[in-house]
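Chain by chain, the residues run as shown.
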Amino acid sequence: MASPRQVVTLDASEPLEKINEVIARDGGVIVSNFLSSDLLKECLEAIEPHFIGRKLYTSDATHNELGKEFFSPGSQRVYPSILRLTIYSDEFSSYTGETLVPQKSGYMLNATTAIRLVPGAKAQPLHRVRPVAIPRFESFPSYLTMSQDQMAYQIRPDPTNPLFTVMVGCLIAASKTTVKNGATRVIPGSHLWGSDRAPKPEEAVYAEMEPGSALFTLGSCFHAGSANLSEENDPDASRTLFAVFGQRDYFRQHQDEVLSTPIEVARTLPEDILKITGYYKAVGGVGYVLNHQAPVEFLHDSNNGIGKLGSQQTLVNGDM
Ligand SMILES: O=C(O)CCC(=O)C(=O)O
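Everything quoted here is computed from the prediction, not taken from an experiment.

Chemist: Give a detailed account of the overall build of the chain, specifying residues and quantitative values.
Modeler: Within the chain one finds seven helices and 12 strands. Here the chain holds 320 residues, and 31% of them are scored as buried. A fraction of 71% describes how many contacts in the chain between residues 6 or more apart in sequence connect residues 24 or more apart.

Chemist: Quick one: what's the story with helix α1 (residues 16–26), residue by residue and with numbers?
Modeler: Among the residues of α1, those classed as buried are Val22, Ile23 and Asp26. Down the axis of α1, the smallest arc covering the buried residues is 100°, so these residues share one side. Pointing more than 90 degrees away from the buried face of α1 are the exposed residues Leu16 and Glu17. Against the buried residues of α1 lie β1 (9–11), β2 (28–32) and β10 (214–218). At the exit of α1 stands Gly27, carrying a positive phi of roughly 85°.

Chemist: Residues and numbers for unusual backbone geometry, please.
Modeler: Its identity as a non-glycine residue notwithstanding, Asn33 has a phi of 55°, on the positive side. Within the secondary structure, Asn33 sits in the loop between β2 and α2 (37–51). Looking at Asn33, the number of C-beta atoms within 10 Å reads 14, which means it is partly exposed.

Chemist: Hey, could you go over the sheet that holds β10 for me, with residue numbers and the actual values?
Modeler: Strand order in the open sheet formed by seven strands is β1-β2-β10-β7-β12-β6-β3, and the pairing between neighbours is mixed. Looking at strand neighbours, the two that pair on one side only are β1 and β3 (75–78), the edges of this open sheet. When strand polarity is set aside, the average angle formed by the axes of neighbouring strands in this sheet is 25°. As paired elements, β1 and β2 share three bridges and run parallel to each other. Bridge pairing in β2 places Leu10 opposite Val31. In the packing of α1 onto the sheet, contacts are made with β1, β2 and β10, and the angle to β2 comes to roughly 145°. Packed on one face of the sheet, α2 meets β3, β6 (107–117) and β12 (239–248) and runs near 115° to β3.

Chemist: Just give me the short version of the sheet that holds strand β8 (residues 185–186), but keep the residues and values in it.
Modeler: Reading across from one edge, β9-β8-β11 is the order of the three strands in this open sheet, with antiparallel pairing throughout. For this open sheet the edge positions go to β9 (205–206) and β11 (223–224), each flanked by a neighbour on one side alone. Where β8 lies against β9, two bridges are found, and the strand directions are antiparallel. Within β9, the position partnered with Val186 by the bridge is Val205.

Cut-off values and rules
Residues numbered from 1 in each chain as written. Predicted model: local features only at pLDDT ≥ 70, side-chain atom pairs only at ≥ 80, totals over all residues. Helix = DSSP H or I, 4+ residues; strand = E, 2+ residues; numbered from the N terminus. Buried ≥ 20, exposed ≤ 12 C-beta atoms within 10 Å, placed from the backbone. Contact = placed C-beta atoms within 7 Å. Arc of directions from axis to C-beta. Pairing = 2+ DSSP bridges. Axes fitted to C-alpha atoms, helices over the stretch in contact; angles between N-to-C directions.

Shown next, in the form of structure tokens:
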């Protein structure tokens, strides 16, 4: 088998068209000098207290919603850690009466996490960024008309628009990332594969990065965190990434029921109503709060109710 092609690195000063060209061909690209050293320092100082005393993930910590050992056992993850984001827009026109109304989607954060791999952390299985459930809309492009229980990451590629994606991953290196300390593995070109093709370890290459570089991947491109094989005393032993996932802004409820319903009213609602209004997680764990808990867990906790989740107390007490 020919050796897989490497992940291309382009400097942040390169024109966006050039960066897009590589992403369209490979499904991902490393952008060097994405974050200035000052901003990176600021981000690290803000996140560091949340890593202190944090437990390491164990194989059952995500309730198997994403498959077994989706998150590397031996990794530390801090949610949420909002950063900046870029994603491609989606344009479409639909008739209102006889007027063709042009529409252009925006983007929004899907999830933010700071991920640290300490020596001994295990490799993650190769996967696509997931999941966002796609309803069946007639107005969707044909490659997106699928049954409701299929996931965005299973979309078939659109040869006329390889950049189309419902999700984008941006993994910003907050430390040096190396083959030894668990750099992300990527399979360039896998964003064009159908959902019937399984990723093989030998098809993946390591995206080694300097601090401040960022690996952008389309949601459909296979990638994974790797094992951290460093010695404890290695100066680059710990690998830290700021993971920022983006999604199209139309994949959500038309009316945000959770924010529209006063919490004291929501607390009186029966389970079936809470389920359809969005207080439970969807397939694949979509709609989680903090460390993959369902919003309903917080709704009924008077000490920890919705709106108080971002408090220092919740985040640093050794929670995963
Ligand atoms: O840790 C990494 O290198 C990749 C993380 C990732 O892809 C994920 O958690 O979904």
